[in-house]
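For reference, the chains in residue letters:
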Amino acid sequence: MAEPLPVAILVEDERQIRRFVRTALEAEGWNVHETDTLRQGLTDAATRRPDLIILDLGLPDGDGVDFLHDLRGWSKVPVIVLSARVDERDKIDALDAGADDYLTKPFGVGELLARVRATSRRRTEAGAGTGTGAGAGATFAFGDVKIDLSLRTVHKGGAAIHLTPIEYRLLSLLIANAGKVLTHRQILREVWGPAHSEDGHYVRVYMGHLRQKLENDPAQPRHILTETAVGYRLVQGER
Amino acid sequence: MLSTNGQRPDPDLLLAQVKQQEAKARRGKLRIYFGSAAGVGKTYAMLVAARKLASERHDVIVGVVETHGRAETAALLDGLSVLSPKTVTYRDKTLTEFDLDAALARHPELILVDELAHSNVAGMRHPKRWQDVDELLQAGIDVFSTLNVQHLESLNDVVGGITNVRVWETVPDTAFDAADEVVLVDIPADELLARLKAGKVYMGPQAEHAAQHFFRRGNLMALRELALRRTADRVEGDVQAYRVDQSIESVWKTATALLTCIGPDAGAERVVRAAARLASQLNTDWHAIYVETPDLQRLKPVKREKILANLNLAQELGAITAVIANAQIAESIITYARKNNLSKLVIGRDPIRRLWPWQRSSGQKLAMLAPDIDLIEIGRAETPTKDRRESAKLPSLPDAESSERRKFKRLRYLWAAIACVAVTVLALPLATHFENSNIVAIFILTVVLVAVQFGRGPAALAAVLSVFAFDFFFVPPRFSFAVSDVQYLLTFCIMLAVGLITGQLTAGLRFQARVASHREERAGSLYEIARDLSGAVQVEQVVKISDESIQRTFRASAALLLPDAGGRLIGTTPGPGAGRPNKDLAVEIGTAQWAFDKGQPAGFGTDTLPGSEVLYIPLRAPTQARGVLAVQAHNRRLLRIPEQRQLLDTFAALIAIALERVHYVGVAQDALLKMESERLRNSLLAALSHDLRTPLTVLVGLAESLTLTTPKLSIAQLETAGAIQDEARRMSTLVSNLLDMARIESGEVKLNLQWQPLEEVVGAALESARGMLQRRQVEVRLPRDLPLVKFDAVLIERVLVNLLENVSKYTPLGSTVTLSAEVIGDYLSVSVADNGPGLPVGQEEAVFQKFARGERETATPGVGLGLTICRAIIESHQGKIVAAQRSGGGARFTFTLPLGTPPLPAIEPEAQVADG
């Protein structure tokens with residue numbers, strides 16, 4: 001039984017960018033709908049039941065962040081934003097508004113596809129997870145680190161690692177969002193509670209502890225990656 | 001622990017103490033060697049103390065010391081450095097004075113300034129030495145000085161009374177009380193006399209004279225008692241201050257504050273001094289007020305100035321002073337006392353000259369109005385020296401106008417006489433037709449008219465002349481002063497009385513009308529300048545308006561001196577539109593600068609350089625002084641009239657506020673302009689960034705999608721696609737660098753400073769530079785206990801990436817790059833070192849210049865902006881970046897970031913084990 005192709009909506013006003021993104025996505029087996037305005041993008045998102053939205057933040061007819069707020073009111077479809085701006089504030093705003101990932105222009109096709117794969121994998125896993133439940137298979141691994149989510153144990157290279165409650169909560173949050181960028185604000189809200197949303201250094205200090213315990217070289221992390229001034233991302237495989 | 005026990009210090013009082021202590025911390029300390037008479041050894045004691053401090057390696061200099069030829073004292077000067085005095089020529093005599101400016105410039109730890117009460121030669125900055133000392137203290141220099149009891153202002157008249165010698169050189173009690181330490185130098189009277197005889201105090205004939213007049217045993221004993229008592233008072237004050245400080249059994253001030261009233265009579269000075277002494281004995285605040293009635297306004301300026309001088313004296317002695325304009329003296333005194341919660345009144349006793357039995361003394365009046373207020377009457381015994389002193393204090397001013405005025409006054413009497421003659425001539429033919437009573441009426445009318453026209457004196461003259469004329473020409477027997485009918489004597493008396501009274505009344509009315517019109521004139525000119533200034537939007541307009549207004553109102557030349565950005569005054573020349581000669585205004589910029597710096601008026605009629613022709617008023621606006629107003633009146637008397645001075649001060653305040661408003665208008669405009677240009681620049685940069693990056697994105701994307709097409713391209717084609725992609729990415733980096741440079745150079749970068757570990761940004765930078773650094777060893781040496789540092793992660797990552805990129809450009813494949821960090825002092829020092837060829841010798845600094853490259857015309861790509869941006873970023877973080885040759889070959893780039901006090905991380909409750 002041939003499954004229907006997954007649907008991606010591409011909201012971007014630059015025709016040449018649309019062209020190569022479309023080519024790349026179609027080669028990966030996506031059904032791509034293009035649009036060059038936010039208004040049309042929102043309509044498409046409502047009518048075409050997309051599996052992915054790729055959104056340029058710098059569209060002439062409005063602010064991409066507003067688009068995200070609007071969209072997140074009724075849809076959980078993954079969104080990857082494209083930003084030509086260097087200002088980290090815009091990226092953080094987009095992520096806080098519900099975007100799943102971002103790419104800074106200029107970006108390569110390889111980077112784009114890697115993000116698309118990670119995003120859609122997370123989506124299918126989440127969908128599958130609800131079906132099978134967190135049984136004995138509720139384990140997670142990256143590098144030589146293995147986490148048993150039901151027993152709440154962490155092993156690195158076979159040796160048990162001691163984590164404090166906050167460190168463990170931080171790690172489980174990263175695992176639950178593996179591959180996705182989490183902003184400082186999101187992490188603070190989830191781990192420390194909404195009252196601490198301005199104390200960014202908490203996150204940095206504890207993330208440092210996690211790296212010391214789980215990374216082979218904490219100064220050159222391979223899995224718990226820093227998105228400078230934006231947040232963190234947990235990467236399972238080598239990039 | 002509430003204040004029910006009544007022992008808690010008043011917070012306001014404590015606050016006042018804190019403020020005082022703060023002011024004191026900045027000020028130098030003053031120690032006064034205090035004695036009862038000359039020769040007790042004050043200077044000697046001071047020098048001994050100074051020598052001790054100097055031997056302990058304190059920086060002590062002698063500002064001025066009078067040895068009076070005493071050998072013992074002079075010997076003590078040996079080995080102390082002495083400031084050379086300033087030589088002043090005054091009235092063809094060469095005098096030496098203490099050189100204040102040299103002392104300020106030398107700025108020693110401690111300076112000795114003998115004879116606190118000394119009066120400076122005219123032309124020095126301050127008329128009195130204690131004012132010099134005050135300026136030294138303000139500059140933070142400690143001062144030792146000496147003082148005799150007879151020079152204390154509040155005791156001046158008492159001492160004068162005891163010794164019959166009045167000294168003119170006085171020091172206000174406030175200056176004495178403000179001294180941090182008072183050392184009493186005391187010897188018994190007999191010993192002092194013995195020293196005098198031995199010639200240790202004065203030499204030769206001077207000693208003889210002194211022994212006969214001042215140095216009598218009785219005098220010396222009385223002076224000694226005064227000095228001891230005054231010191232004891234002060235010590236008690238110190239103890240009380242200490243008690244309040246320490247809150248031990250605190251002594252609280254009760255509401256016994258004093259009020260004294262200053263009148264026009266000569267005894268007022270005595271009353272003021274008495275009140276000051278009483279207040280210091282009772283340890284209370286005191287107020288001095290002057291109630292100005294319309295009658296008192298009519299007094300001669302000299303007398304009014306005396307009153308104001310007494311008010312100033314009260315202020316110097318520590319009183320709060322006020323001038324109240326009211327016709328009802330007693331009522332306004334009582335109102336003031338009640339309003340300020342003053343429970344004791346000190347007044348001078350009225351002279352005993354009661355004309356009518358129902359007349360009451362002012363004391364009785366006050367007692368009737370306020371039976372609950374204590375009344376202290378002070379006797380008014382005159383000392384004969386007093387008037388001499390007053391006249392010495394107020395030199396008469398040569399006045400071009402006054403002789404003219406006197407002439408005009410004499411003319412008025414002439415006119416009055418002419419009027420009487422004319423009326424007599426006119427009335428003569430009527431005498432046969434009219435009753436004499438009608439003639440009398442004509443004369444009275446004349447007197448009234450004269451009074452209206454020429455004032456009181458001419459009216460009196462007219463009254464007398466009229467009586468004589470009436471008697472001579474009209475009363476039978478006519479043409480003789482003899483009177484046949486006795487009843488005419490009554491007519492004369494009534495005529496004279498009516499003439500004098502109407503003259504008095506009309507003259508009074510005239511005066512009141514004149515006062516009222518002056519007042520209106522002042523109000524009018526104030527209104528005008530306020531209106532004009534409110535419309536001014538440029539400094540030039542303010543200058544023009546104030547020049548013109550002052551010219552108009554005071555008939556004076558004026559100039560506004562405005563400070564430049566560094567606070568130095570520069571004169572404003574009146575614009576050609578002002579059309580007013582300003583040649584005669586000789587502004588001394590030094591004096592003006594002093595007035596500006598100190599915020600006090602200087603020059604003519606003030607305490608500072610009173611000999612100057614020009615008056616300098618600082619323009620004090622709410623936030624800061626805005627400049628100095630220099631005024632030179634053509635008629636200097638005008639500036640001495642208190643109302644005029646007050647009006648001038650009000651003008652100055654208005655001008656200051658106008659200048660401040662103009663200043664802030666400018667500031668607001670600048671801010672608006674800056675905001676606007678910043679907005680423009682930001683949108684320009686954003687647009688540039690977007691427009692440059694979009695085609696680059698397309699290039700990178702399309703080139704890469706070429707490599708992914710099926711069927712696969714040939715190797716050569718793939719290489720071309722790869723090359724296009726690489727060049728496009730390099731172009732993108734270049735664009736980023738250029739845009740960042742533009743942003744940083746505009747000075748508008750807002751750093752997103754966060755407390756964070758260095759490790760994180762190092763990791764991110766290595767991740768970004770991974771592609772560039774392939775086939776080079778990377779070694780990272782970060783101590784695990786590095787503190788959190790506050791920096792902008794994006795920018796510091798950019799610095800690290802640029803440094804690593806540099807390594808990749810200038811080192812051969814297989815080199816090693818070492819990234820290390822350590823804490824040095826207050827800084828975190830981070831270095832990136834390689835073992836490549838190193839920097840060109842002597843180029844360690846030049847590499848940070850824009851578009852500098854290690855070597856010229858090499859194939860290595862890049863424009864050389866990287867290091868320039870690094871420097872800009874690090875400097876905006878208050879750090880430093882340097883390049884150096886690495887020992888053992890290669891280059892080393894090191895930058896520092898300031899450490900601070902990082903916030904404490906959230907404390908985690910002691911961890912429960914979360915492992916298996």
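Residues numbered from 1 in each chain as written. Chains lettered and ligands numbered in written order. Predicted model: local features only at pLDDT ≥ 70, side-chain atom pairs only at ≥ 80, totals over all residues. Heavy atoms only, no water.

Across its full length, chain B carries 28 helices and 25 strands. Contacts in chain B between residues far apart in sequence, at least 24 positions, make up 71% of those at least 6 positions apart. Split by element, the accessible area of chain B, about 48400 Å² in all, is 57% carbon and sulfur. (Helix = DSSP H or I, 4+ residues; strand = E, 2+ residues; numbered from the N terminus. Contact = heavy atoms within 4.5 Å. Areas by Shrake-Rupley, 256 points an atom, 1.4 Å probe, with all protein chains shown as cover.)

Across its full length, chain A carries eight helices and 12 strands. Counting the 239 residues in chain A, one finds 54% classified as buried. For chain A, the share of sequence-separated contacts (at least 6 apart) that also reach a separation of at least 24 residues comes to 57%. Counting only carbon and sulfur atoms, one obtains 50% of the accessible surface of chain A, whose full area is about 10400 Å². (Buried < 20%, exposed > 50% of the residue type's maximum accessible area, 1.4 Å probe, protein only.)

Residue and element names in this part refer to chain A. Packing of helix 6 (residues 165-176) against helix 8 (residues 200-214) leaves a shortest axis separation of 10 Å and a crossing angle of 85 degrees. Relative to helix 8, helix 6 is oriented roughly perpendicular. Mapping the contact onto sequence places Ile166, Glu167, Leu170, Leu171 and Leu174 in helix 6 and Tyr206, Met207, His209, Leu210, Lys213 and Leu214 in helix 8. For the contact of helix 6 with helix 8, the class distribution of residues is eight nonpolar, one polar and two charged. (Axes fitted to C-alpha atoms, helices over the stretch in contact; angles between N-to-C directions. Parallel < 35°, antiparallel > 145°, perpendicular 65-115°, else oblique. Nonpolar A, V, L, I, M, F, W, Y, C, P; charged D, E, K, R; others polar.)

Across the contact, 45 residues belong to chain A and 47 residues belong to chain B. Approximately 4000 Å² of surface area, both sides summed, lies buried where chain A meets chain B, with 59% of it carried by carbon and sulfur atoms. Put simply, chain A and chain B have four salt bridges between them. With a shortest N-O distance of 3.3 Å, arginine 729 of chain B and glutamate 111 of chain A are connected by a salt bridge. In this assembly, chain A and chain B are joined by 10 residue pairs in polar contact (both at pLDDT 80 or more). When residues of the side of chain A that touches chain B are traced back to their parent elements, those giving at least two are helix 1 (15-27), helix 5 (109-132), helix 6, helix 8 and strand 11 (224-227) of chain A. Here the element with the most residues in the side of chain A that touches chain B is helix 8 of chain A; it accounts for nine residues. (Buried area = accessible area lost by both parts, 1.4 Å probe. Salt bridge = Lys/Arg side-chain N within 4 Å of Asp/Glu carboxyl O. Polar contact = N/O pair within 3.5 Å; in protein donor to acceptor, adjacent residues only side chain to side chain.)

All names here are of chain B. Ordered in space as 11-10-9-12-13, the five strands form an open sheet in which the pairing is parallel. Here the strands that pair on one side only, and so sit at the sheet edges, are strand 11 (320-325) and strand 13 (374-378). The mean inter-strand angle of the sheet, taken between neighbouring strand axes irrespective of direction, is 25 degrees. As paired elements, strand 9 (residues 258-261) and strand 12 (residues 344-348) share three bridges and run parallel to each other. Note that in strand 12 the partner of threonine 260 across the bridge is valine 346. Packed onto the sheet, helix 11 (residues 268-282) meets strand 9, strand 10 (286-292), strand 12 and strand 13 and runs at close to 175 degrees relative to strand 9. (Pairing = 2+ DSSP bridges.)

As a further point, take the sheet that holds strand 3 (residues 52-56) of chain A. Residues and elements named next belong to chain A. Pairing in this open sheet of five strands is parallel, and the strands run 2-1-3-4-5 from one edge to the other. Edge positions in the sheet fall to strand 2 (31-35) and strand 5 (101-104), since each of these pairs with one other strand and no more. Each strand axis lies, on average, 20 degrees off the axis of its neighbour in the sheet, ignoring direction. Here strand 1 (residues 7-11) runs beside strand 3; their pairing, made up of four bridges, is parallel. For valine 11, the partnering residue across the bridge sits in strand 3 and is leucine 55. This element, helix 2 (residues 38-47), spans strand 1, strand 2 and strand 3 of the sheet and lies at about 170 degrees to strand 1.

In globular proteins that are soluble, nonpolar side chains generally tend to be buried together. Residue and element names in this part refer to chain B. Counting residues in each nonpolar core, the largest one holds 60 residues, and the members touching the most others are Phe34, Phe98, Ile111, Leu136, Leu147 and Phe215. In contact with leucine 136, other than residues within four places in its own chain, are Phe98, Leu100, Ala103, Leu104, Ile111, Val113, Ile141 and Val143. Among the nonpolar cores identified, the runner-up in size contains 45 residues, and Ile744, Ala821, Leu828 and Phe848 belong to it. (Core = buried A, V, L, I, M, F, W, Y, C linked by side-chain atoms within 4.5 Å.)

All names here are of chain B. A contiguous nonpolar patch, built from Val464, Phe468, Phe481, Leu496 and Leu500 and spanning about 430 Å² of accessible area, is present on the exposed surface. For the nonpolar patch, the elements supplying multiple residues, two or more each, are helix 19 (456-474) and helix 20 (487-535). The topology assignment puts leucine 500 in helix 20. (Patch = residues over 30% accessible without salt bridge, like charges linked within 9 Å, V, L, I, M, F, W, Y side chains within 5 Å.)

Residue and element names in this part refer to chain B. Here chain B averages 79 in pLDDT, and 84% of its residues register 70 or above. pLDDT under 50 marks residues 910-916. Its contacts with residues more than four places away, or in other chains, come to 16 contacts. The complex prediction reports pTM at 0.50, with the ipTM value standing at 0.86. (pLDDT = per-residue confidence, 0-100.)

With that settled, the discussion passes to the packing of aromatic side chains. Residue and element names in this part refer to chain A. If you walk through the whole model with that rule in mind, you get 17 aromatic pairs over all chains. Ring centres of tryptophan 192 and tyrosine 202 lie 5.7 Å apart, and the angle between their planes is 50 degrees; on these two criteria the pair is classed as tilted. Pair noted here: tryptophan 192 is in the loop between helix 7 (184-191) and helix 8 and tyrosine 202 is in helix 8, with a separation of 10 residues, a long-range link. With a relative accessible area of 14%, tryptophan 192 lands in the buried category. (Phe/Tyr/Trp six-rings, centres within 6.5 Å; stacked < 30°, edge-to-face > 60°.)

Our next topic: unusual backbone geometry. As a rule of thumb, non-glycine residues mostly have phi less than zero, and peptide bonds are mostly trans rather than cis. Backbone torsion omega between lysine 105 of chain A and proline 106 of chain A reads 0 degrees, so that peptide bond is classified as cis. Its identity as a non-glycine residue notwithstanding, arginine 555 of chain B has a phi of 45 degrees, on the positive side. Along the chain, arginine 555 of chain B falls in the loop between helix 21 (539-554) and strand 14 (556-563). Residue classification places arginine 555 of chain B among the partly exposed residues on the basis of a relative accessible area of 48%.

Next up on the list: the packing of helix 7 of chain A against helix 8 of chain A. All names here are of chain A. Running from amino to carboxyl end, helix 7 crosses helix 8 at an angle of 85 degrees, the nearest separation of the two axes being 9 Å. By the angle between their axes, helix 7 is roughly perpendicular relative to helix 8. Across from His184, Ile187 and Leu188 in helix 7, the residues of helix 8 making contact are Gly200, Tyr202, Val203, Arg204 and Met207. Looking at the contact of helix 7 with helix 8, its residues break down into five nonpolar, two polar and one charged.

Turning our attention to the confidence of the model for chain A. Summary statistics for chain A give a mean pLDDT of 84 and a share of 91% for residues scoring 70 or more. Segment residues 129-136 of chain A: pLDDT under 50, and one contact once partners within four positions in sequence are set aside and those in other chains are kept.

Right, let's get into the pattern of salt bridges. In this structure the tally under the stated criterion is 43 salt bridges over all chains. Where aspartate 96 of chain A meets arginine 185 of chain A, a salt bridge forms, and the shortest distance between an N and an O atom there is 3.4 Å. Residue aspartate 96 of chain A is found in helix 4 (residues 88-96), and its partner arginine 185 of chain A is found in helix 7; the two are separated by 89 residues along the sequence. Using a relative accessible area of 26% as the deciding quantity, one classes aspartate 96 of chain A as partly exposed. Of the residues examined, arginine 185 of chain A reaches a relative accessible area of 34% and is grouped as partly exposed. The salt bridge involving glutamate 760 of chain B is made with arginine 204 of chain A; its shortest N-O contact spans 3.7 Å. Of this pair, glutamate 760 of chain B sits in helix 26 (residues 758-768) while arginine 204 of chain A is found in helix 8, placing the two residues in two different chains. Arginine 204 of chain A matches glutamate 760 of chain B in its accessibility class, with the two residues each being buried.

With that settled, consider the environment of serine 820 of chain B. Residue and element names in this part refer to chain B. Considering the arrangement of structural elements, one finds serine 820 in strand 22 (residues 816-824). For the pair formed by serine 820 and alanine 833, sequence separation is 13 residues and the distance between their alpha carbons is 8.4 Å. Setting aside residues up to four positions removed in sequence, serine 820 forms contacts with Arg781, Leu782, Ser829, Val830 and Ser831.

Time to look at helix 28 (residues 866-876) of chain B. Residue and element names in this part refer to chain B. By the criterion of burial, helix 28 is predominantly enclosed, with nine of the 11 residues buried. For helix 28, the complete set of buried residues consists of Gly866, Leu867, Thr868, Ile869, Cys870, Arg871, Ala872, Ile873 and Ile874. The inward-facing, buried residues of helix 28 contact helix 25 (715-745), helix 27 (793-810), strand 24 (881-885) and strand 25 (891-898). Just downstream of helix 28 lies glutamine 878, where phi reads positive at about 65 degrees.

Let us look at helix 8 (residues 189-197) of chain B. Residue and element names in this part refer to chain B. Taken together, the buried positions of helix 8 are Ala189, Leu192, Leu193 and Leu196. Taken around the axis of helix 8, the buried residues stretch over an arc of 100 degrees, which confines them to a single face. Trailing helix 8 by a residue or two, glycine 199 shows a phi angle of about 75 degrees, which is positive. (Arc of directions from axis to C-beta.)

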